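Listed below, chain by chain, are the residues.
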Amino acid sequence: MRLLVTGGSGFIGSNFIHCLLQRHPDNFIVNLDKITYAANPNSLADVASQANYRFVQGDILNTALVTYVMQQYKLEAIINFAAESHVDRSITDPDIFVQTNVLGTQHLLDVALKMKVNRFLQVSTDEVYGELGETGQFTESSPLQPHSPYSAAKAAADLLVQAYHRTYQLPTNITRCSNNYGPYQHPEKLIPKFVTHALTKQPLPLYGNGINVRDWIHVQDHCRALYLVLTRGKIGETYNIGSHHELTNQKIAELIIRELGLNLNLIKYVADRPGHDQRYAMDPTKIEHELGWRPRVDFKQGLKQTIAWYQNHSEWWQYFAKA
């Protein structure tokens, strides 16, 4: 496969590229990334010179550039990671989220249609479903009820992808995943924020009462699922990806503090953000039954490895403070 990966220098995108180059070296990858504040070019420094990898700095809104890259490298599929993804930032500045997440996706779809790609995979989020009560899980047929500008923009992008499949027969898929954790994640996100704050003996800011619940999945498990959907998913279908591992934000903070041998008084409760969803949980039955995918990384072991990664790569996350 000759593949365009948009947003490949971000958290999940860079892990996906590493995964593909290690496990499926016959693929050829072009990483198109704007390199915003959330991307660290050093995340892919170890593969920069590989013969089957190319990096192009650019914006998915630049249709001429995307078209040129597709033609120049004879690419046949697109996986779209490119997105503004931080909920707090979307609350204070929603405009860029609409620009990148909605219009950017629409521009990519137009190029995909023009170039007659074999597959267009839209990487989405569980947040498009809104929130759950104390029981139940989101399925692929759950209604879209986004509650933040970020999730609303992602939901709009998903609907565009569905429309391009239905109207133009573009071969598309959508994946919606629960909360990811692992290496190369920006320190503004929950787990790396707690880890880096704990490592520097700063308070861990916990929204509200800390009982918001998320389903956590290691990014490597997510990347395996994405490759299965990209290569074997049924055209036009959406697949939920989750690990059946729900924890409160407070429990996450406690696990990190205890792993580092610190005092729980580092937790600092702060004012909750507007529209903070109480609980997300994904039902991955469809991808498990149709594609044989299962999560492999045990959460406690994965969290321990993630903490160790941030301990051993301080220069990576300190890059963002200097940028």
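Conventions used here
- Residues numbered from 1 in each chain as written.
- Predicted model: local features only at pLDDT ≥ 70, side-chain atom pairs only at ≥ 80, totals over all residues.
- Heavy atoms only, no water.
- Salt bridge = Lys/Arg side-chain N within 4 Å of Asp/Glu carboxyl O.
- Helix = DSSP H or I, 4+ residues; strand = E, 2+ residues; numbered from the N terminus.
- Expected span 1.5 Å × (residues − 1).
- Buried < 20%, exposed > 50% of the residue type's maximum accessible area, 1.4 Å probe, protein only.
- Contact = heavy atoms within 4.5 Å.
- Axes fitted to C-alpha atoms, helices over the stretch in contact; angles between N-to-C directions.
- Left-handed = near helix turned anticlockwise from the far one by under 90°.
- Nonpolar A, V, L, I, M, F, W, Y, C, P; charged D, E, K, R; others polar.
- Pairing = 2+ DSSP bridges.
- Phe/Tyr/Trp six-rings, centres within 6.5 Å; stacked < 30°, edge-to-face > 60°.
- Lys NZ or Arg CZ within 6 Å of the ring centre and 35° of its normal.
- Core = buried A, V, L, I, M, F, W, Y, C linked by side-chain atoms within 4.5 Å.

Now for the pattern of salt bridges. Enumeration over the complete set of coordinates arrives at eight salt bridges. Note that Arg-279 and Glu-246 form a salt bridge whose closest N and O atoms lie 2.8 Å from each other. Placement of the pair is Arg-279 in the loop between strand S12 (267-270) and helix H9 (285-291) and Glu-246 in strand S11 (residues 246-248), with a sequence separation of 33 residues. Here Glu-254 makes a salt bridge to Arg-258, at a shortest N to O gap of 3.9 Å. Highlighted residues: Glu-254 and Arg-258, both in helix H8 (residues 249-259), separated by four residues, approximately one helical turn.

Moving on, we come to helix H1 (residues 11-23). The first and last C-alpha atoms of H1 sit 18 Å apart over 13 residues, in line with the 18 Å expected at 1.5 Å per residue. For H1, the full list of buried residues reads Phe-11, Ile-12, Gly-13, Ser-14, Asn-15, Phe-16, Ile-17, His-18, Cys-19, Leu-20 and Leu-21. Its buried side turned inward, H1 meets strand S1 (2-6), strand S2 (28-33), strand S3 (53-57), strand S4 (77-80), strand S7 (179-181) and helix H7 (219-232).

In this section: the packing of helix H6 (residues 190-199) against H8. At their nearest, the axes of H6 and H8 sit 10 Å apart, and the two run at 35 degrees to each other. Seen along the crossing, H6 lies across H8 with a hand that is right-handed. Together, Leu-190, Ile-191, Phe-194, Val-195 and Ala-198 of H6 and Asn-249, Ile-252, Ala-253 and Ile-256 of H8 make up the contact between the two elements. When its residues are assigned to classes, the contact of H6 with H8 shows eight nonpolar, one polar and no charged.

Turning our attention to unusual backbone geometry. In this structure, Lys-116 takes a positive phi of about 55 degrees despite not being glycine. Here Lys-116 is to be found in the loop between helix H4 (95-115) and strand S5 (119-125). Classification of Lys-116 by relative accessible area gives exposed; the value is 69%. In this structure, Gln-169 is a non-glycine residue whose phi angle is positive, near 60 degrees.

Turning to the sheet that holds S11, a few remarks are in order. The three strands are arranged S7-S9-S11 in an open sheet whose pairing can be described as mixed. The open sheet has two edge strands with one neighbour each: S7 and S11. Sheet twist, expressed as the mean angle between neighbouring strand axes with direction ignored, is 50 degrees. One ladder, built from three bridges, connects strand S9 (residues 213-218) with S11; its direction is antiparallel.

On inspection of all chains with the given rule, the structure shows 13 aromatic pairs. Aromatic side chains Tyr-184 and Trp-316 sit 5.9 Å apart centroid to centroid with 75 degrees between the ring planes, which places their arrangement in the edge-to-face category. Of this pair, Tyr-184 sits in the loop between S7 and H6 while Trp-316 sits in helix H11 (residues 314-322), placing them 132 residues apart in sequence. As far as the burial class goes, Tyr-184 and Trp-316 line up, both buried. Three or more aromatic residues joined by ring pairs form one cluster here, namely Tyr-184, Trp-309, Tyr-310, Trp-316, Tyr-319 and Phe-320. Across from the ring centre of Phe-28, 4.2 Å away, lies the NZ or CZ of Arg-2, which sits over that ring. The ring of Tyr-239 has Lys-286 lying over it, and the distance from NZ or CZ to the ring centre is 4.9 Å.

Further remarks concern the nonpolar core. Core analysis: the biggest nonpolar cluster contains 33 residues, and Leu-3, Val-5, Phe-16, Ile-79, Phe-81, Leu-226 and Ile-287 have the highest contact counts within it. Counting residues per element, the ones that place at least two in this core are S1, H1, S4, S5, H7, strand S10 (238-241) and H9. With eight residues, the single largest contributor to this core is H7. Among residues more than four places away in sequence, those in contact with Phe-81 are Val-5, Thr-6, Gly-7, Ile-12, Gly-13, Phe-16, Val-123 and Leu-226. Ranked by size, the runner-up nonpolar core spans 25 residues in total, among them Tyr-184, Leu-206, Leu-247 and Leu-303.

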